[in-house]
Amino acid sequence: MTIAEHVSRVETDYLAQLDKAARRFDERTARREEARLALDRRGVLYADDPERVTKRLARLNADWSLARSVERVETVPRTTTGSALPLRPDAFGADVLGLERLMGRNDLTGVAFLEGGYLAARSIGRIALRVPGGVRHGTGFMVSPSLLMTNNHVLSTADEASRAEIEFNYQADLDGRPLKPVVFALEPQKFFTTDRELDFSIVAVAERNESDEQLADFHWLPLDGTEGKVVLGEFVNIIQHPNGEPKQLALRENQIVDVLDRFVHYVTDTAPGSSGSPVFNDQWEVVALHHSAVPETDDDGRLLAVDGSLWRPDMGEHRLAWKANEGVRISSVLEAVSRLTLTGPAARLRDGLFLAPGRVTPGVGTPPGPSETVVDDAAQRDLNAALFNLRLGEELVYYDARADAAARDAYYAGVDTGASGEALRKTLTELLKETHERRPSYAPSRMVYPWVDLHPDRRLRSVYSGKTFSPEEFIRADIATETARLRGLQEFLLRESSAGPAELAAELDALEASLPFNCEHVVPQSWFRKREPMRGDLHHLFACEVTCNSFRSNIPYMDFPQFDEARREDCGMREGNGFEPAHHQGAVARATLYFLLRYPKLVGDNEEFTEDRLPILLDWHQREPATEYELHRNAAIAEIQGNRNPFIDHPEWATDIDFSEVWA
């Protein structure tokens, strides 16, 4: 390829990326303005999709109860009345610092942030590609012990990768003196994959260089495809080699302004040459792969230079003016890589992207394998978060009837009180869906045990046996169970390193079945295939010791005439395809009716709760009215999720509604 041909191809690819990024950015103008107004008026908790915000909070070892307490601490009097969760000033310690930082309440952060950034930076290097007439530069970073990620427009083919190197330590030391770069060759013959649309390339790197230095000394950045790493309005960090210059950092002035299905837009100080840089959140988790500027254009769509003139390719990328930047979401990259059909050594190298159990130190990956430190640290964080929520609850009035009555009346203000039948059912179903603003993931130790399911004496009672437990007892038991599950999963990944998604899902199901939580879904998880938001919907989650949980299994509710003559371990009676709980029949009936109303046509096949059993629920509902315990639950859940249980608020609606259309 001649110099002219090479330059032409590079220019064409780069301009094509700019054009696509600009069109995506322009198409979302109205959505960005809506998000900006939400940020200005209500804050970061309300600008993004509620489910994504919930997952972000969970990743910070927080939930909506804690977030609302931080949010209100400046405006709510520090009393123990009402449903707010005000905290004493001394309650704001290291365990809520990350949450305060996210919400803009506190710019402080622990010194570990700097240490984590330093360690993360070691995995990032400058790519040098030999091209006709010179060298072209970009940024790349290690994503497994053997694999490097960058952009497709940096390394678009295996041939280009064979002519490229990765240079670590191309940076200055504390005295401003340049360090000696440590250079490794790329090995596309071992592994190379690329995707032009998502603009990523992944290539193998040599384990040692000509000086016998080890690639492992530069660590790697674990990739996580789950949601919750960043939300609209949050600030991100980018470590990069702008214009091929020594390593630099764009720190916390880079605000997320839009999150698309596969891309994310942010305002930042990256420069050309930063292509292929990792975009981090404040926990030094990789959020996105930086790949393109969103250029400034004139009214005719022509690119502008930084001085306002029309930009020409011969000016160089550094003269291009831009208004934002675009990154490829890491979840999209991982999804694309997971679909590749690979065998042998290449498949094993690819699997290294998905086997990272976590991190020992912020920003540094550990080789696949069991790590008790990682699991124990995660367990301790979860335990601290759950116990913190328990302490928050101790400062609250258990149930404020006056405040709850006002909240109830406001919630149903738009419901026609004269409606009935199918009309009332549709109205309430839509209301429950629309107001289900926050959708917590399934984590009973954080929300169910510390506050939602407490009885007036601030203790838990098994929903089926009625036995009493302390909330801390169940919290610690479930954290231990989760730890055992994680260790079991690690052992499986080591033993079955080539397992696919189906095998992994089956192993997770087996671990959950053998290591259950002390929590009962009154509508069994198998009926909705453990999907969210059903799995984490607090309205049908109740404390329940493991023995009763297992005894009921996924058997539908039944009413037995001779119940008192056959009872096992006080859980209830189970016979054939029916189970009758010994306690809280009214509560489980109302929770099940809520589920049928909130999620119509989701259950009801031959093995589940069929329509002919509806009279059982209605009978239990009428025989056992809601107590203060359920009123507290309903108010607490409404505070967290946003929606309420109509059959607790208006018991008469149970017989007014036509349920015939809710069964599948």
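Look a little higher up for the structure.
Worth saying up front: this structure is predicted, and the values here are computed from it rather than measured. (Residues numbered from 1 in each chain as written. Predicted model: local features only at pLDDT ≥ 70, side-chain atom pairs only at ≥ 80, totals over all residues. Heavy atoms only, no water.)

Undergrad: What's the story with the pattern of salt bridges in this structure? I'm lost.
TA: Summed over the entire model, instances satisfying the criterion amount to 43 salt bridges. Between D258 and R28 there is a salt bridge, with its nearest N and O atoms 2.7 Å apart. One end of the pair, D258, is in strand 9 (residues 248-259); the other, R28, is in the loop between helix 1 (3-27) and helix 2 (29-41), and 230 residues separate them in sequence. Given a relative accessible area of 1%, D258 falls into the buried group. Bridged by salt links that share partners, the residues E51, K55, E227 and R329 form one connected network. (Salt bridge = Lys/Arg side-chain N within 4 Å of Asp/Glu carboxyl O. Helix = DSSP H or I, 4+ residues; strand = E, 2+ residues; numbered from the N terminus. Buried < 20%, exposed > 50% of the residue type's maximum accessible area, 1.4 Å probe, protein only.)

Undergrad: What is the right way to look at the nonpolar core in this model?
TA: Soluble globular proteins tend to bury their nonpolar side chains together. Among the nonpolar cores identified, the biggest contains 92 residues, and Y449 and Y557 are the most heavily contacted of them. Leaving out residues up to four positions away in the same chain, Y449 has contacts with P444, L454, L460, P471, F474, I475, D478, F517, N518, C519 and A543. One finds V286, L289, I330 and V333 within the second-largest nonpolar core, a separate group that totals 30 residues. (Core = buried A, V, L, I, M, F, W, Y, C linked by side-chain atoms within 4.5 Å. Contact = heavy atoms within 4.5 Å.)

Undergrad: Help me understand unusual backbone geometry in this model?
TA: Apart from glycine, the bulk of residues carry a negative phi angle, and the bulk of peptide bonds sit in the trans form. A cis amide bond links E532 with the next residue in sequence, P533, at an omega value of 5°. Mapped onto the elements, P533 comes out in the loop between strand 18 (519-521) and strand 19 (541-543). The phi angle at N169 is positive, at roughly 65°, despite the residue not being glycine. Among the secondary structure elements, N169 is positioned in the loop between strand 4 (164-168) and strand 5 (182-185). One non-glycine residue, R529, lies in positive phi territory at about 55°. Structurally, R529 can be placed in the loop between strand 18 and strand 19.

Undergrad: Would you take a moment to explain the packing of helix 12 (residues 421-434) against helix 17 (residues 585-598) for this structure?
TA: Between two packed helices, both the angle of their axes relative to each other and the distance between the axes serve to describe the pair. The geometry of helix 12 relative to helix 17 is characterised by a closest axis approach of 8 Å and an angle of 90° between their N-to-C directions. As the angle between them shows, helix 12 and helix 17 are arranged roughly perpendicular. Across from R425, L428, T429, L432 and K433 in helix 12, the residues of helix 17 making contact are Y594, L597 and R598. When grouped by side-chain class, the residues that make up the contact of helix 12 with helix 17 number four nonpolar, one polar and three charged. (Axes fitted to C-alpha atoms, helices over the stretch in contact; angles between N-to-C directions. Parallel < 35°, antiparallel > 145°, perpendicular 65-115°, else oblique. Nonpolar A, V, L, I, M, F, W, Y, C, P; charged D, E, K, R; others polar.)

Undergrad: Could you clarify how one ought to interpret helix 15 (residues 501-514) in this entry?
TA: Within an α-helix, residues lying three or four positions from one another point in the same direction, as the helix has 3.6 residues per turn. For helix 15, with 14 residues, the first-to-last C-alpha span of 20 Å sits near the 20 Å given by 1.5 Å per residue. Taken residue by residue, helix 15 has E507, L511 and E512 as its buried positions. Down the axis of helix 15, the sector holding all buried residues measures 135°, keeping them to one side. Of the exposed residues in helix 15, the ones pointing more than 90 degrees away from its buried face are A502 and A513. Summarising the contacts, the buried residues of helix 15 are in contact with helix 14 (471-495). (Expected span 1.5 Å × (residues − 1). Arc of directions from axis to C-beta.)

Undergrad: Sorry, what's going on with the pairing of strand 8 (residues 235-240) here?
TA: Two faces, one strand: in a regular strand the side chains alternate between the faces of the sheet. Of all six residues in strand 8, five are buried; the element is thus mostly enclosed. Summarising the sheet, strand 8 and strand 11 (residues 278-280) pair through two bridges and their orientation is antiparallel. Opposite I238, over in strand 11, you have V279 as the bridge partner. (Pairing = 2+ DSSP bridges.)

Undergrad: Honestly, the sheet that holds strand 7 (residues 200-204) in this entry has me stumped. Any pointers?
TA: Each strand in a sheet pairs with another by means of backbone hydrogen bonds, the pair being arranged parallel or else antiparallel. Taken together, seven strands build an open sheet; the order of strands is 5-4-1-2-3-7-6 and the sheet is antiparallel. Unpaired on one side and paired on the other, strand 5 and strand 6 (192-195) mark the two borders of the sheet. When strand polarity is set aside, the average angle formed by the axes of neighbouring strands in this sheet is 30°. One ladder, built from two bridges, connects strand 2 (residues 134-142) with strand 3 (residues 147-150); its direction is antiparallel. Residue F141 lies in a different strand from strand 3, and its bridge partner there is M149.

Undergrad: Would you mind going over the state of the cysteines with me for this structure?
TA: Among covalent bonds in proteins, the disulfide is the one between the sulfur atoms of two cysteines. Overall, the coordinates contain one disulfide when judged by the stated rule. Here C548 is linked by a disulfide to C571, with a sulfur-sulfur distance of 2.0 Å. Residues C548 and C571 share a disulfide whose torsion about the S-S bond is about -85°; that sign makes it left-handed. Highlighted residues: C548 in helix 16 (residues 546-552) and C571 in the loop between helix 16 and strand 20 (572-575), separated in sequence by 23 residues. You can call C548 buried: its relative accessible area is 0%. Residue class for C571 comes out buried when judged on its relative accessible area of 0%. The thiol sulfur of C519 is not disulfide-bonded, and the nearest other cysteine sulfur, from C544, lies at 8.4 Å. (Disulfide = S-S within 2.5 Å.)

Undergrad: Help me understand the packing of aromatic side chains in this model?
TA: Given two aromatic rings, their pairing is described by the distance between the two centres and the angle made by the two planes. Per the counting criterion, the structure on display carries 17 aromatic pairs. Pairing Y442 with F517 gives two aromatic rings, centres 5.8 Å apart and planes at 55°, and the pair type is tilted. Here Y442, found in the loop between helix 12 and helix 13 (448-452), pairs with F517, found in the loop between helix 15 and strand 18; they are 75 residues apart in sequence, far enough to count as distant. One exposure class covers both Y442 and F517, and it is buried. By way of ring pairs, the aromatic residues Y464, F551, Y557, F579 and W620 are connected into one cluster. When the ring centre of F542 is taken as origin, the NZ or CZ atom of R633, which lies over that ring, is 3.8 Å away. (Phe/Tyr/Trp six-rings, centres within 6.5 Å; stacked < 30°, edge-to-face > 60°. Lys NZ or Arg CZ within 6 Å of the ring centre and 35° of its normal.)

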